[in-house]
Each structure stands twice: as structure tokens, then as C-alpha cells.
Amino acid sequence: MSSRTDLSSDISPDNQAERGIARRAAEADETEISVKKPTREEVLQTVFGLGVQDVRTYDAVVEITGATASELSDHLDPDRSNVNRSLKRLRETGLVTRGRRLLDEGGHVYQYYVDDEMSEDPVTHAVNKWKSAALDAVGPE
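The shown structure was predicted, so the numbers you read here are calculated from the model rather than taken from an experiment.

**Details of helix H3 (residues 40-48)**
Right, so step 1: Buried within H3 we find Leu 44, Val 47 and Phe 48. Buried positions in H3, seen along its axis, are confined to an arc of 90 degrees and lie on one side of it.
Right, so step 2: One or two positions beyond H3, positive phi appears at Gly 49, with a value near 70 degrees.

**Overview of the packing of helix H4 (residues 52-63) against helix H5 (residues 69-76)**
Right, so step 1: Look at H4 against H5: their axes get within 10 Å of each other, and the N-to-C directions meet at 115 degrees. As summarised for this structure, H4 and H5 are arranged roughly perpendicular, according to the angle between their axes. In this structure, H4 meets H5 at a crossing whose hand is right-handed. When H4 is examined against H5, the residues Gln 53, Arg 56, Thr 57, Ala 60, Val 61 and Glu 63 are found in contact with a partner set consisting of Leu 72, His 75 and Leu 76.
Right, so step 2: Residue composition of the contact of H4 with H5, by class: four nonpolar, three polar and two charged.

**A few points about the nonpolar core**
Right, so step 1: One finds Phe 48, Leu 72, Leu 95 and Val 96 to be the most contacted residues of the largest nonpolar core, which totals 21 residues.
Right, so step 2: Every element with two or more residues in this core is listed here: H3, H4, H5, helix H6 (80-93) and helix H7 (120-138).
Right, so step 3: Here this core takes four residues from H4, the largest share from any one element.
Right, so step 4: Residues contacting Leu 72, with those up to four places away along its chain left out, are Ala 60, Val 61, Ala 67, Asp 77, Val 83, Leu 87 and Tyr 112.

**As for the packing of aromatic side chains**
Right, so step 1: Across all of its chains, the model carries zero aromatic pairs by this definition.
Right, so step 2: Across the ring face of Tyr 110, the terminal group of Arg 98 is positioned such that the distance to the ring centre comes to 3.7 Å.

**Quick word on H6**
Right, so step 1: An ideal rise of 1.5 Å per residue puts 20 Å on 14 residues; H6 measures up with 20 Å between its terminal C-alpha atoms.
Right, so step 2: If you follow the buried residues of H6, they end up packed against H4, H5 and strand S3 (108-113).
Right, so step 3: Trailing H6 by a residue or two, Gly 94 shows a phi angle of about 90 degrees, which is positive.

**Observations concerning the environment of Val 47**
Right, so step 1: Tracing the sequence through the fold places Val 47 in helix H3.
Right, so step 2: Assessed through its relative accessible area of 19%, Val 47 is described here as buried.
Right, so step 3: Considered as a pair, Val 47 and Lys 131 are 84 residues apart in the sequence and their alpha carbons are 8.8 Å apart.
Right, so step 4: In this structure Val 47 touches Ala 126, Val 127 and Trp 130, once residues within four positions along its chain are discounted.

**Re the pairing of S3**
Right, so step 1: Two strands pair when backbone bridges link them, and strand S1 (residues 67-68) and S3 are joined in this way by two bridges, in the antiparallel orientation. The residue bridging Thr 68 from the neighbouring strand is Gln 111, located in S3.
Right, so step 2: Bridge count for strand S2 (residues 97-102) against S3 is six bridges, and the pairing is antiparallel. The partner of Arg 100 across the bridge, within S3, is Tyr 110.

**Remarks on the sheet that holds S3**
Right, so step 1: Taken in spatial order, the three strands of this open sheet run S1-S3-S2, and their pairing is antiparallel. Of all strands in the sheet, those bounded by a partner on one side alone are S1 and S2.

Calculation rules
Residues numbered from 1 in each chain as written. Predicted model: local features only at pLDDT ≥ 70, side-chain atom pairs only at ≥ 80, totals over all residues. Heavy atoms only, no water. Buried < 20%, exposed > 50% of the residue type's maximum accessible area, 1.4 Å probe, protein only. Helix = DSSP H or I, 4+ residues; strand = E, 2+ residues; numbered from the N terminus. Arc of directions from axis to C-beta. Axes fitted to C-alpha atoms, helices over the stretch in contact; angles between N-to-C directions. Parallel < 35°, antiparallel > 145°, perpendicular 65-115°, else oblique. Left-handed = near helix turned anticlockwise from the far one by under 90°. Contact = heavy atoms within 4.5 Å. Nonpolar A, V, L, I, M, F, W, Y, C, P; charged D, E, K, R; others polar. Core = buried A, V, L, I, M, F, W, Y, C linked by side-chain atoms within 4.5 Å. Phe/Tyr/Trp six-rings, centres within 6.5 Å; stacked < 30°, edge-to-face > 60°. Lys NZ or Arg CZ within 6 Å of the ring centre and 35° of its normal. Expected span 1.5 Å × (residues − 1). Pairing = 2+ DSSP bridges.

That is the geometry; function is a separate question.
Next up, the structure:
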């Protein structure tokens, strides 16, 4: 006759599995969740929806502040239309602003800038917005 105080004989295979799951969950709570640190390019691509060319164009605007689309295309890509598309996307995200320079012979050209004082604000705002959307997508988990 077995005794009810003998725990080893009282544990069914189902109970053993439940205890194993509970033990693993407790171990998981004790360890820190591993998250891959994103690169700067990955953040700009993910949060702002930029492509590789857009990030390269953004970096060129930072490097050559006040450059025209023509000057940027000389620096980046001989196809000026690619640079113009990237500049448009960057302006839509708020990462780049456009100013007008009057030409001596008449007319104007656009110059592109990254406002050093404001550059952190759109990035912080966009990251916070993306974080909120990502948490909503995951749900109540």
C-alpha cells in the first residue's frame, strides 16, 4: 500500500509536465530578454520606412549641408532622379528641410539641410510613435 505522503508516487506524468513548464517560466523571468541592438541605418529604415538610398542621401545632406540636389547627385548617384525621390521622402519624414537660394542670374535653387537642433526631435517622435504601433501590433502579450 502506498502512502499519500510519498510525493514521487503521487505525481502523474501530466503534473510533472506542468511543474516543468512552471519551472522554465520562472527561469525565463529571472533572465533578461535578449534584444539585438539595431544599427543607425536599421532604425532609420524601420522607423521612417526609408530605403538604403534614402539613408545614403540623408547622410550626404548631413555631410554637405546646404547642398543642392545636383551637388548631392554628384556626390551620391549620377541619376539625379533617385536623389530627388530620396530628398522628397526625407522631407516628408521631417528629417530634411529645404531652403531656397536666389541665383544672381535670376531664379532659384533648393538647398537641403538637417537642422542640428531639430534633428533629434523628429527621430524621437517617430521612434516613440513606432514603439506604440509595435506594442499595439503585438497585443496584450
